[in-house]
Amino acid sequence: MNEQITIAVVGSGYVGLVAAVCFAEIGHRVICVDNDESKIAQLRDGKIPIHEEYLPELLDRHRNTSVEFSTDLHSATQRAQVIFVAVGTPQSQTGSADLSYVDAVASQIARSITEYKVIVEKSTVPVYTNEWITRVIERNGVPRELFDVASNPEFLREGTAVVDFLHADRVVIGVDSERAGNLLRAVYEPLNSGRYYQSVNAVPGERSATEPSPLLQTSTKAAELIKHASNAFLAMKISFINVVSNICEAVGADVEQVSKGIGSDGRIGPKFLKAGIGYGGSCFPKDVAAFRYVAEQIGVDFGLLREVEKINTEQRKRFFRKVRSALWTFRGKKLGVLGLAFKGGTDDIRESPAIDLIADLLNEGCFISAYDPFAIERTKKVLPPSGALSYAKDAYEAASDADALLILTDWQEFSEIDLDRLHYTLRYPVVIDGRNLFDPATMAVKGFTYLSIGRPGTAHQRDSALLQKLP
Ligand code: UDX
């Protein structure tokens, strides 16, 4: 069934832009709508405001042909059969998701409906949002038989969002009517049938014609819960291995060995068991807080998620103490910092542990030279260059004449650094690694004082004793 659907995607951020381009890639006609005129103008010119693998190629392939960019939501609603809402759902003060953008867009869409439409939640929203959107559309005078509201949560990781979309582990569609189900199944048919993977210029990935992305049809409530529960579970895995890493440090074990041992169990799996300075990003912190808030609102105590958050916050503080244990004093010390993004492969610094750590070290009177392959420009907006903070053109410049080098983001290029060159570039050969990019034995042979997460350091015994004494 090779049905071309006309789709509107509202919101051209990390999720909306990737979804719009990928829907076009699998054969549909797409109108990507945003109220930010300058953003729309940039996209029409093929300029992309985010760093995503394959996005430039796909945008060039489909720009102004299968994908058009517009600020006119009214027209897009009238032309589309399916309207995906992919606007931001930021965290509010209480920890709940701020759904005011979803509310506003739903009202605008309602005022443009004159024939049957399916409105789809693509943004990460708490359970019951579907019911609220339905209520908002009805209150705007749309007869119930002229629309359905469905849920289609995304599981895109920043930096690999295009591959995650086209080679999804699963496509979840939450519907409460067969009519909506039929339409959403038609939208994703190229992926679920495997037909997409047979095209010569398909984006490469793990899925194939014989092993396509499976479709999971659920109720709308189940689909809304699947998203929050998935992210909360992944965040829990990370906090779990981070606590285990702290136990490893105390007893002198290597958390990488423990993680491998745990992850080899088919019921646990090796992914998301990498100890570090904790998770960041625009999703995990927000989604863990939102899921806990939703649970509390319906009378279920999700104390487990409070612990997940607490561990994550403590992991950053613990790393700060580790830096102090290596330097003894901060004031006047020159530090090289590698990594600003919340993880490797993206330019996004939202909730990045690196940003908070740099701010804390500057407050202690350190002088910092920071490098990141893609995130410097975004960082300058929150941490402008100053007498104490400069941005380097590469890792070696950041390390030049530094008292220590801190590694805060797991960029592949950092793990490929020439260690001999690094050794003589640093004033002192001290590396404090928040992402366990290097092997302690290699670092010892190369003459570094190397501290990392959950592993014996080359100066391990002295520092761990110091760690116990520090406030
Ligand atoms: C996450 C979910 O993976 C994705 O499915 C969802 O749609 C959006 O949120 P993202 O936030 O882009 O994606 O990044 P992810 O790769 O999940 O990493 C999140 C954070 O966890 C990063 O700060 C990363 O450094 C950290 N992390 C990840 C670890 O500390 N250890 C790990 O083993 C994995």
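What counts as what
- Residues numbered from 1 in each chain as written.
- Predicted model: local features only at pLDDT ≥ 70, side-chain atom pairs only at ≥ 80, totals over all residues.
- Heavy atoms only, no water.
- Helix = DSSP H or I, 4+ residues; strand = E, 2+ residues; numbered from the N terminus.
- Rg over C-alpha atoms; globule rule 2.2 N^0.38 Å.
- Buried < 20%, exposed > 50% of the residue type's maximum accessible area, 1.4 Å probe, protein only.
- Contact = heavy atoms within 4.5 Å.
- Areas by Shrake-Rupley, 256 points an atom, 1.4 Å probe, with all protein chains shown as cover.
- Lys, Arg positive; Asp, Glu negative; His and termini not counted.
- Charge placed at Lys NZ, Arg CZ, Asp CG, Glu CD.
- Domains from an automatic or database assignment.
- Buried area = accessible area lost by both parts, 1.4 Å probe.
- Salt bridge = Lys/Arg side-chain N within 4 Å of Asp/Glu carboxyl O.
- Polar contact = N/O pair within 3.5 Å; in protein donor to acceptor, adjacent residues only side chain to side chain.
- Nonpolar A, V, L, I, M, F, W, Y, C, P; charged D, E, K, R; others polar.
- 1 Å grid on protein atoms, 1.4 Å probe; cavity = no way out; pocket = protein on both sides within 12 Å on 5 of 7 lines; lining within 4 Å.
- Points joined across faces, edges and corners; volume = space filled by probe spheres on them.
- Near = heavy atom within 4 Å.
- Pairing = 2+ DSSP bridges.
- Right-handed = clockwise from strand over helix to strand, strands pointing away.
- Core = buried A, V, L, I, M, F, W, Y, C linked by side-chain atoms within 4.5 Å.
- Axes fitted to C-alpha atoms, helices over the stretch in contact; angles between N-to-C directions.
- Patch = residues over 30% accessible without salt bridge, like charges linked within 9 Å, V, L, I, M, F, W, Y side chains within 5 Å.

### Some remarks on the overall build of the protein chain
- Helix and strand counts for the protein chain stand at 19 helices and 14 strands.
- Its C-alpha radius of gyration of 24 Å places the protein chain within 12% of the 23 Å reference for a compact globule of 471 residues.
- For the protein chain, the residues scored as buried account for 54% of the 471 residues in total.
- A separation of at least 24 residues holds for 71% of the contacts in the protein chain among residues at least 6 apart in sequence.
- Carbon together with sulfur atoms contributes 53% to the accessible area of the protein chain, which is approximately 20200 Å² in total.
- With 52 positive and 60 negative side-chain charges, the protein chain shows a separation of 3 Å between the mean positions of the two kinds.

### Remarks on the domain arrangement of the protein chain
- Along its sequence, the protein chain is carved into domain 1 (6-217), domain 2 (227-309) and domain 3 (315-468).
- Each of domain 1 and domain 2 has a C-alpha centre, and these two points are 29 Å apart.
- When domain 1 packs against domain 2, close to 1200 Å² is buried across both sides, 63% of that on carbon and sulfur atoms.
- Three residues stand out in domain 1 for area buried against domain 2, namely Q91, G95 and T124, and they jointly supply 32% of the buried area on that side.
- Between E154 and K227 there is a salt bridge whose closest N-O contact spans 3.4 Å.
- Inspection of the domain 1/domain 2 interface yields five residue pairs in polar contact (both at pLDDT 80 or more).
- A breakdown of the residues in the side of domain 1 that touches domain 2 according to their chemical character gives eight nonpolar, six polar and three charged.

### Here we look at empty space enclosed by the protein
- Throughout the structure, instances matching the rule amount to one cavity of 30 Å³ or more.
- If you add up the space inside the largest cavity, you get close to 30 Å³.
- What lines the largest cavity is simply I277, R316, F319, P353 and L357.
- Looking at the lining of the largest cavity, the elements that each hand over two or more residues are α12 (303-327) and α13 (353-363).
- When grouped by side-chain class, the residues that make up the lining of the largest cavity number four nonpolar, no polar and one charged.

### What about the site of the ligand?
- The ligand sits among 18 residues. The nearest are L156, E158, K227, K274 and F342.
- In this structure, an oxygen atom belonging to the ligand sits 2.8 Å away from a side-chain N or O atom of K227.
- A distance of 3.0 Å separates an oxygen atom of the ligand from a polar atom in the backbone of G280.
- Considered on its own, the ligand offers 660 Å² of accessible surface; in the complex 92% of this is hidden by protein.

### Points about the pattern of salt bridges
- This model, assessed by the stated rule, comprises 33 salt bridges.
- Among the ionic pairs, D45 bridges to K47, the shortest N-O distance being 3.8 Å.
- Linking D403 and R427 is a salt bridge whose minimum nitrogen-to-oxygen distance equals 3.2 Å. Linking D403 in the loop between α15 (395-399) and β12 (404-407) with R427 in the loop between α17 (419-425) and β13 (430-433), this pair joins segments that are 24 residues apart in sequence.
- What emerges from the salt-bridge pattern is a single network uniting R292, E296, D301, R306 and E309.

### Side note on the pairing of strand β8 (residues 215-218)
- Bridge count for strand β7 (residues 171-174) against β8 is four bridges, and the pairing is parallel. Within β8, the position partnered with I173 by the bridge is Q217.
- With respect to chirality, the unit in which β7 leads through helix α8 (residues 178-192) into the neighbouring parallel β8 is right-handed.

### Some thoughts on the layout of surface pockets
- Taken as a whole, the second largest pocket holds about 150 Å³ of empty space.
- In terms of residues, the lining of the second largest pocket owes the most to one element, helix α9 (residues 220-251), which gives four residues.

### Brief notes about the nonpolar core
- In this structure, F319, L338, L361, I368, L406, L422 and V431 are the most contacted members of the largest nonpolar core, which totals 58 residues.
- The dominant element in this core, judged by the number of residues it contributes, is α13, at five residues.
- For this core, the domains that each give at least three residues are domain 2 (227-309) and domain 3 (315-468).
- Beyond its immediate sequence surroundings of up to four residues, L406 is in contact with F319, V323, G336, V337, L338, L357, L361 and I432.
- In this structure, C22, L59, V171 and I173 belong to the second largest nonpolar core, which totals 50 residues.

### Notes on the sheet that holds strand β11 (residues 389-391)
- Taken in spatial order, the six strands line up as β11-β10-β9-β12-β13-β14 in an open sheet, and their pairing is parallel. The sheet terminates laterally at β11 and β14 (449-451), the two strands that pair on one side only. Sheet twist, expressed as the average angle between the axes of neighbouring strands with direction ignored, equals 20 degrees.
- Two elements, strand β9 (residues 334-338) and β12, share four bridges in a ladder whose sense is parallel. Of the residues in β12, the one forming a bridge with V337 is L406.
- This element, α12, spans β9, β12, β13 and β14 of the sheet and lies at about 170 degrees to β13.
- Sitting on the sheet, α13 is in contact with β9, β10 (367-371), β11 and β12, with an inclination near 160 degrees to β10.

### Digging into a nonpolar patch on the surface
- A contiguous nonpolar surface patch, about 410 Å² in accessible area, is contributed by Y128, W132, I298 and V300.
- Along the polypeptide, V300 turns up in the loop between α11 (284-297) and α12.

### A look at the environment of E154
- Turning to its location among the elements, E154 is positioned in the loop between β6 (147-151) and α7 (161-166).
- Those residues in contact with E154 that sit more than four places away from it in its chain are V15, K122, T124 and K227.
- Here L156 takes part through its backbone nitrogen, which lies 2.7 Å from a polar atom of the side chain of E154.

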